[in-house]
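Residues per chain are reported as follows:
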Amino acid sequence: MNKVIYSILGPLAAIIIALFIGAIIISLIGKDPVEVYGVLFYGTLGNSYGIGQVLFKATPLIFTGLSVAFAFKAGLFNIGAEGQMIIGGFAAAWTGFTFVTLPWIILIPLTIIAAFVGGALWGFIAGYLKAKYGSHEVINTIMLNFIAAALASYLVNEIYGIPATIHTPEVSGSSFLLRFDAITGLFPGSPFNTSFLAAILCTIIFYFIINRTPFGYQIRTLGLNKNAAEYARMKIKKLVVLSMLISGGIAGIGSINFIFGYKHYYELGFSEGAGYIGIAVALIARNNPFAIIITAFFFGILEYGGLTINTMVPKELVTILQALLIILVITFVRIIDVLKIKFLKSA
Amino acid sequence: MIENIFTYAFLLQTLRISVPYFLPSLGAAYSEKGGVVNIGLEGILLTGAFFTTLGTYYTQNIWIGILCGLTAGFLIALIHGIATITFKADQIVSGIALNLFALGLTKFLCRIIFNSSSNSARIPGLETVNIPLLSSIPILNNIFITFCIILLILSQIIFYRSKFGLRLRAVGENPAAADSLGINVLRIRYAGVLISGLLAGLGGAWLAFDQHSFTDGMSAGRGFIALAAMIVGKWKPMGAAAACLVFGFAESISIQFQGTAIPTQFIQMLPYILTIIILAGFIGKSTPPAADGIPYENTNK
Amino acid sequence: MLAVEMIAITKTFAEKVIANNSISLSVKKGEVHAIVGENGAGKSTLMNILYGMYPPDKGKIQINGNEEIINSPARAIQLKIGMVHQHFMLVPPLTVLENIILGSEPEKNLLLDFKKAKERVSQITSSFKIDVNLETKIENLPVGLQQRVEILKLLYRNAEILILDEPTAVLTPQETNELFNTIDFLKSEGKTIILITHKLNEVKAISDTITVLRHGKVVGVTGTENATIESIARLMVGEDKIYEEKKANIREKKLILEVKNVTVLNENSVEAVKDVSFEINSGEILGIAGVEGNGQHELVEAISSIRKPAKGKITLNNAELKEEHNIAHIPADRHRNGIVMDFSVAENLILGREKENLFKKDITIDESKVKTFAEKLVHEYDIRPVDIDIKIKSLSGGNQQKAVVAREITKNSDLIIASHPTRGLDIKAASFVHNALIKESDKGKAVLLVSSDLAELLKLSDRIAVIYNGQINVIFDADKTNEYELGLYMTGSKVKNE
């Protein structure tokens, strides 16, 4: 129990301080922080539409959070979820607008597989370079993000895009992921859709693989002590490649929320930095898959919250808050550890 | 087309492109030689550019503008230092957060101050600067280029001939050893990180003057390329400078090729692909300082 | 006159371990004072406090009669105290000269004054008869010379009180002799030397006074001439009886491991093992003696199928060695290679065995089977505390090693590789490991024992091969050789058996 309290204490304190700094910023530009936060709170959690929007924003963050966490379990730092999502998304969209005659029962799995494969391919490149040449995945995944963005720009602007737009043609109607308001009437008007269920499923599979299988055991060993993994004769290179591949694949699937659940086409820049926010999500959740859902929800509040206050203060306030939050969390982990040791010592 | 490469204009263009790579790249060398990875350079470039613009806009004085850019870079680096050196936070995550912070902050302020989320008002550039002796010499008449050359030579001396350089290298390789000799490891690391902030802030200033304004996201990945150049240059000032020139050269060429059969997007990819190839070790192995990226703690203090 | 007086020093670490419990220590000026005790007795902690690395919780320190607060190494250096740490504090890519002046650099016109530095260091090297090339990078120096550099660092800082933490752990008997000559010379120059060690014959040979520590307390102070090795040992270990297994003689011998003309490359593609051949039979313990870095590491990795040999052939039970061969291997560095600190004891007990059918249920690892297995091992191998769910990092080094030994021995492999299996263990844990190895060999297993502890090798092995510079030129019957002879071959002073 104590352990849980300690692990929540840091993020909680960080949230409070980040909001406090945010309040100072709001005051400095001559607005009333209570009013701005009130609008933000009511707009996101005060009504079912807002909650739907938050969940919609949280869905890709669950995927990217899981993606980063999976690689992290193997001791790899995947900063490339952004690029993996871009490539996976394009592969999925391409499948969606190319095989228009397929029925939904085949096409939807196919698009999801395509999203996984596209992301996995991008993750694989970094994993392979790490395994084969030992080049550091952090730099390589950053580079691959830029390459992915340029590649997507080429594919949309020069080949598949609809002229004068930055998006592709619409995907087949049978590949649409239904919105919850259409199925259940809940969250009316919000684009919250069934890809959220895929995210939950992915979370459970993540937990099962990591904690229950020999493969997961090997991944965790690799992440905690690579040299011990080597002496236990695990196939490290294979593990590195596989974990980056799976990590990339998960990030790739994160694209379906926007493409098949919302806009129904591929649009440049759709990822909106979800890959980077996923790093923060995984970090704050300490790579625990179930905590990732909660953390992603919180970041969803901020993401959508920015839009609700945009008429009063620039929505970038939320970006600043997110950044502050990350810095405070990683700093507080340390402060709390020190306090904990002092506390234990005195007790 | 080839003959276009051997011109004064082309050389100048290459150097001008290399400046905003070189300054943060040299900064990265200071930071990482001391053992602190700083991928927040991208954000520092951006913030440096914004505050340089802001300072210059209000005072119409580029020197005050530069001072603002330097201060902004210094402060962001200071946050990085506090998080990663004092509080031992993960250096990469801190860097990512600072990039996010810079992105949000500059856009936020841009909307509030210039009433636009995409660009600032126009500011004067370096053409107003006239240095008596240098102004008649080609290339060196650009004060930033001259300054970069001086910085490079100075850094080479600092790294390998000065007390600070020796300690910086020791702290990045084996902080425990340095600590056991009475060297204040944390202070030296702070110095490395703060220097990197100043240099990247200066890089941002150059960007602002070069474009005569601030535009949203104008650092455009240069901080990351700078980091890559430092790695390719094997964590050495000279190496970093050479790598920056190579990247600048490649980009210059790509500008020459623009509008030809090769799509621009592929040209944009070039430096990134080049970095990946070089990192894979096809051009000699590049080994980081042994303690690079690892927070130092004397666990029992 | 007392050079150092530490009074009632107490130090507790975060995990509530009392490392020093009201320890008092008096060191006379100009003497060689040995601090002896088992691993974990608190010797290094005490010296780190004296050197300003940790602050004590309680207690006072007097240097040359004056009370001092030593809150940093910088302060210790000012007080002319110097320390050679067990793990050398050197910066490998820097040169010898740079390492020596680091922290006390002479400057001229804002730049390093290498000329002055060199003059001063050369003066010291000649007056103290320590010979080393100042321009070489540390990473290219053998361990013995690195230690010289550490001593030079102290002398460069005019240290009068020199603390040497386990200085002979990494040295051959010959290098140890050289070190002792240096210590004698330093003493004759009036320096005070504090020597931390657990090797009692060395204590007897070099020290003037002995302070014995056990479990963080002083249990005895004596002049060396009044003590015998036995009397110190009794103080050090306490009254615990140590049971020593005797090796049986197996009659039926069959060939288990054959290493034939094997060459192994290291990370830098240099031949670390050159054309090595030997055999081990069932029931036999073959010892490998050598100074660290002479190829034993690579040899072990090749035989345990972690590293592929570049040339030659390794056969196990007459079949060529394959990766699938899951050989029992107790690695030299248990923290680095043997355990995962953040795993529980149970998780560590299946490391490398996670795919065995023993733990399998469909595609998962069956936690209840793991639990049963782990509990059995914890009891059989006396791993304490008896809790398979706590993280292994909270166990003592000895218990961690027992877990590694338990896991590896129960693998049912005909060959057991044990690399420095008792390094850093106290006597009780060490004898536990020795007994376990002897028992397995009595069951007919072949054991390859690599160690730098020659006493251990002589005690356990049937035969001892000496590896020098990647080659094995000589294999002795263990009862027909001694430490000194092994030392000659280990340093390459003798190469072939004449």
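In this text the structure is predicted, and so the values were computed from the model without any measurement.

**Remarks on the overall build of chain A**
No. 1: Secondary structure assignment for chain A yields 15 helices and 0 strands.
No. 2: A globule of 347 residues ought to have a C-alpha radius of gyration of about 20 Å, and chain A, at 21 Å, matches this closely.
No. 3: Expressed as lengths along the three principal axes of its C-alpha atoms, the size of chain A is roughly 70 × 60 × 35 Å.
No. 4: The burial tally for chain A puts 57% of its 347 residues in the buried class.
No. 5: When contacts within chain A are restricted to residue pairs at least 6 apart in sequence, long-range pairs at least 24 apart make up 74% of them.
No. 6: Of the roughly 13600 Å² of accessible surface on chain A, 71% is carried by carbon and sulfur atoms.
No. 7: In chain A, which carries 21 positive and 13 negative side-chain charges, the distance between the mean positions of the two groups comes to 19 Å.

**Some remarks on the interface of chain B and chain A**
No. 1: Counting residues at the interface gives 40 residues for chain B and 40 residues for chain A.
No. 2: Inspection of the chain B/chain A interface yields 1 salt bridge.
No. 3: Notably, a salt bridge pairs R111 of chain B with E316 of chain A, separated by 3.5 Å at the nearest N-O pair.
No. 4: Counting residues per element, the ones that place at least two in the side of chain B that touches chain A are α3 (62-86), α4 (91-114), α9 (222-232) and α11 (264-282) of chain B.
No. 5: Here the residues of the side of chain B that touches chain A sort into 28 nonpolar, 6 polar and 6 charged.

**Some details on the pairing of strand β1 (residues 2-12) of chain C**
No. 1: In this sheet, strand β2 (residues 18-28) of chain C lies alongside β1 of chain C in antiparallel orientation, the contact comprising 7 bridges. By the bridge assignment, I9 of chain C is partnered in β2 of chain C with I23 of chain C.

**Thoughts on empty space enclosed by the protein**
No. 1: Summed over the entire model, instances satisfying the criterion amount to 6 cavities of 30 Å³ or more.
No. 2: Each pocket or cavity is described by its volume, and for the largest cavity that value is around 100 Å³.
No. 3: Along the wall of the largest cavity there are 15 residues; nearest its centre are S180 and L181 of chain B together with Y51, M83 and L154 of chain C.
No. 4: Of all the secondary structure elements, the ones that give two or more residues to the lining of the largest cavity are β6 (81-84) and α5 (143-156) of chain C.
No. 5: Tallied by class, residues from the lining of the largest cavity come to 8 nonpolar, 3 polar and 4 charged.
No. 6: A volume near 80 Å³ is recorded for the second largest cavity.
No. 7: Contributing to the lining of the second largest cavity are 13 residues, with Y231 and A232 of chain A together with H329, R407 and E408 of chain C lying nearest its centre.
No. 8: Secondary-structure elements contributing two or more residues to the lining of the second largest cavity are α10 (226-231) of chain A together with α13 (397-409) of chain C.
No. 9: Within the lining of the second largest cavity, the residues separate by chemical class into 6 nonpolar, 3 polar and 4 charged.

**A look at the sheet that holds strand β4 (residues 58-63) of chain C**
Residue and element names in this part refer to chain C.
No. 1: The sheet built from 4 strands is open, its strands ordered β2-β1-β4-β5 with antiparallel pairing. Looking along the sheet, the strands with just one partner apiece sit at the ends: β2 and β5 (66-68). Along the sheet, successive strands turn relative to each other by an average axial angle of 25 degrees, direction set aside.

Each value, and the rule that gives it
Residues numbered from 1 in each chain as written. Chains lettered and ligands numbered in written order. Predicted model: local features only at pLDDT ≥ 70, side-chain atom pairs only at ≥ 80, totals over all residues. Heavy atoms only, no water. Helix = DSSP H or I, 4+ residues; strand = E, 2+ residues; numbered from the N terminus. Rg over C-alpha atoms; globule rule 2.2 N^0.38 Å. Buried < 20%, exposed > 50% of the residue type's maximum accessible area, 1.4 Å probe, protein only. Contact = heavy atoms within 4.5 Å. Areas by Shrake-Rupley, 256 points an atom, 1.4 Å probe, with all protein chains shown as cover. Lys, Arg positive; Asp, Glu negative; His and termini not counted. Charge placed at Lys NZ, Arg CZ, Asp CG, Glu CD. Salt bridge = Lys/Arg side-chain N within 4 Å of Asp/Glu carboxyl O. Nonpolar A, V, L, I, M, F, W, Y, C, P; charged D, E, K, R; others polar. Pairing = 2+ DSSP bridges. 1 Å grid on protein atoms, 1.4 Å probe; cavity = no way out; pocket = protein on both sides within 12 Å on 5 of 7 lines; lining within 4 Å. Points joined across faces, edges and corners; volume = space filled by probe spheres on them. Axes fitted to C-alpha atoms, helices over the stretch in contact; angles between N-to-C directions.

Honestly, it's all geometry; don't read function into it.
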